[in-house]
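The lines below spell out each chain.
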Amino acid sequence: MFSDADVAALYDLLNPWNPDRRSDARFYFPLVMAAESVLDVGCGTGAMLKLAREHGHRGRLVGLDPDCAALDRARLRADVEWTEGAAADAGNGAGFELATMTGHAFQNLLTDDELRTSLNAIHGGLRRGGRFAFETRHPQARAWEGWTSSNPDDVVNLVDEAGRALRYWHDVDSVVGDIVTIRGTVAQPDGTVLRVLSENLRFLDVAALNAFLVKAGFEIDAQYGDWDRGPITDDSREIITIACRR
Ligand SMILES: C[S@@+](CC[C@H](N)C(=O)[O-])C[C@H]1O[C@@H](n2cnc3c(N)ncnc32)[C@H](O)[C@@H]1O
């Protein structure tokens, strides 16, 4: 009823990557454009790298993601390299100047073991002096409390590429330790459910995050609490990190 390809197309509709309209895109885009080579881990449909190429990036651009349907969509642009795989496959010795994990893709790294393996691989994929830029939602903001159909801001009505009127919302199934299990529901406007998408997200705090980074050999160059590069405070909703391979 609602295929994996439809899900990938819906993602692009819900999350257009536009640096003029999105503060996270505005943060990442200059970093990407300034780097000679970029590995985008968890690139999804590849919007950021596609835009970089479109805007004249001439270096190596590689998108890595385990989701085949998202990658099929990314591959509509052939002048970027698209690789199927998880963060743990992030290419030892590849010598990238910049690695990114945008759109909270980092929160898909769930177990301690997956975090360790993934961070080691990303570290190994960077050249000396190369940087890893990514964000994770700060647990103190409890973002999951807004992910409910009773929150009008979380319910989106839209028309997809195939011309279907759709309604999309989230619900939280459980919060166990720092793992939040959510459900995204794609439905017709009358509520008829077309597809349910389940996902687990990990919410690391600053101390736990930094311990994983340091263990993997990273130094933390900068850490921000918002997209305007403000410090992390008690109100911050994000932990935005630029870590460096020395
Ligand atoms: C919310 S999307 C973000 C996509 C894109 N980075 C963006 O900013 O729009 C999260 C992506 O992380 C990918 N992902 C899930 N587990 C992953 C893993 N272990 N390693 C790398 N990517 C992963 C998913 O397939 C999905 O494409």
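Cut-offs and rules
Residues numbered from 1 in each chain as written. Predicted model: local features only at pLDDT ≥ 70, side-chain atom pairs only at ≥ 80, totals over all residues. Heavy atoms only, no water. Helix = DSSP H or I, 4+ residues; strand = E, 2+ residues; numbered from the N terminus. Rg over C-alpha atoms; globule rule 2.2 N^0.38 Å. Buried < 20%, exposed > 50% of the residue type's maximum accessible area, 1.4 Å probe, protein only. Contact = heavy atoms within 4.5 Å. Areas by Shrake-Rupley, 256 points an atom, 1.4 Å probe, with all protein chains shown as cover. Lys, Arg positive; Asp, Glu negative; His and termini not counted. Charge placed at Lys NZ, Arg CZ, Asp CG, Glu CD. Axes fitted to C-alpha atoms, helices over the stretch in contact; angles between N-to-C directions. Parallel < 35°, antiparallel > 145°, perpendicular 65-115°, else oblique. Left-handed = near helix turned anticlockwise from the far one by under 90°. Nonpolar A, V, L, I, M, F, W, Y, C, P; charged D, E, K, R; others polar. Near = heavy atom within 4 Å. Polar contact = N/O pair within 3.5 Å; in protein donor to acceptor, adjacent residues only side chain to side chain. Core = buried A, V, L, I, M, F, W, Y, C linked by side-chain atoms within 4.5 Å. Pairing = 2+ DSSP bridges. Right-handed = clockwise from strand over helix to strand, strands pointing away.

Enquirer: It is not clear to me how the overall build of the chain should be interpreted in this structure. Could you clarify?
Expert: What the chain contains, in helices and strands, is six helices and 11 strands. Radius of gyration (C-alpha) of the chain: 18 Å, near the 18 Å computed for a compact globule of 246 residues. Overall, the chain is about 55 × 40 × 30 Å in size when its C-alpha atoms are taken along their principal axes. Per-residue burial for the chain yields a buried fraction of 49% across its 246 residues. Contacts in the chain between residues far apart in sequence, at least 24 positions, make up 57% of those at least 6 positions apart. Entry remark: accessible area of the chain is about 11,600 Å², with carbon and sulfur atoms responsible for 48%. When the 26 positive and 38 negative side-chain charges of the chain are each reduced to one mean point, those points stand 5 Å apart.

Enquirer: Quick question: what am I supposed to make of the packing of helix α2 (residues 23–34) against helix α3 (residues 47–54) here?
Expert: Packed helix pairs are characterised by how far apart their axes lie and by the angle those axes make with each other. Following both chains from N to C, one finds α2 and α3 inclined at 55°, their axes separated by 10 Å at the closest point. Between α2 and α3, the interaxial angle falls into the category oblique. α2 and α3 meet at a crossing whose hand is right-handed. Between α2 and α3, the residues in contact are Y28, F29, V32 and M33 and M48, L49, L51 and A52, respectively. Residue classes in the contact of α2 with α3 are distributed as eight nonpolar, no polar and no charged.

Enquirer: Whenever I open this one, the site of the ligand confuses me. Can you help?
Expert: Not every one of the 16 residues close to the ligand is listed here, only the nearest: Y11, G42, D65, A87 and T102. In the model, a nitrogen atom of the ligand is placed 2.8 Å from a nitrogen or oxygen of the A87 main chain. Residue composition of the shell around the ligand, by class: eight nonpolar, five polar and three charged.

Enquirer: What is the right way to read the nonpolar core from this model?
Expert: One recurring pattern in soluble globular proteins is that nonpolar side chains are buried together. If you look at the biggest cluster of nonpolar residues, it comprises 27 residues, and the most contacted ones within it are M101, F106, L119, I122, F132 and F218. Among the secondary structure elements, those contributing two or more residues to this core are β1 (37–41), β2 (60–65), β4 (96–101), α5 (112–125), β5 (126–137), α6 (206–215) and β11 (238–245). A per-element tally of this core places α5 first, with four residues. In this view, L119 contacts F106, F132, F212, L213, A216 and F218; residues no more than four positions away in its chain are not counted. Listed in part, the 26 residues of the second largest apolar core include L31, A35, L51 and L71.

Enquirer: Got a minute to help me understand the pairing of β1 in this structure?
Expert: Two faces, one strand: in a regular strand the side chains alternate between the faces of the sheet. Extensive coverage of β1 is indicated by the burial of five of its five residues. Side chains of β1 alternate between two faces, with S37, L39 and V41 and V38 and D40 buried alike. Bridge count for β1 against β2 is five bridges, and the pairing is parallel. Bridging across to β2, D40 finds its partner in G63. Read from β1 through α3 to β2, the crossover connection turns out right-handed. Of the pairings in the sheet, the one linking β1 to β4 comprises three bridges and is parallel in character. If you follow L39 over to β4, its bridge partner there is A99.

Enquirer: How should the sheet that holds β5 be read in this particular structure?
Expert: What holds strands together in a sheet is hydrogen bonding between their backbones, with the strands either parallel or antiparallel. Strand order across the open sheet formed by seven strands is β3-β2-β1-β4-β5-β11-β10, with mixed pairing between neighbours. The open sheet has two free edges, formed respectively by β3 (81–84) and β10 (218–224), since each of these has just one partner strand. The average angle at which neighbouring strand axes cross in this sheet is 20°, direction not considered. Of the pairings in the sheet, the one linking β4 to β5 comprises five bridges and is parallel in character. Each residue of the ladder has a partner; that of L98, found in β5, is R131. Each of β1, β2, β3 and β4 is contacted by α3, which is oriented at about 165° to β2, the strand it contacts most. Sheet contacts for α5: β1, β4, β5, β10 and β11; angle to β5, the most-contacted strand, approximately 140°.

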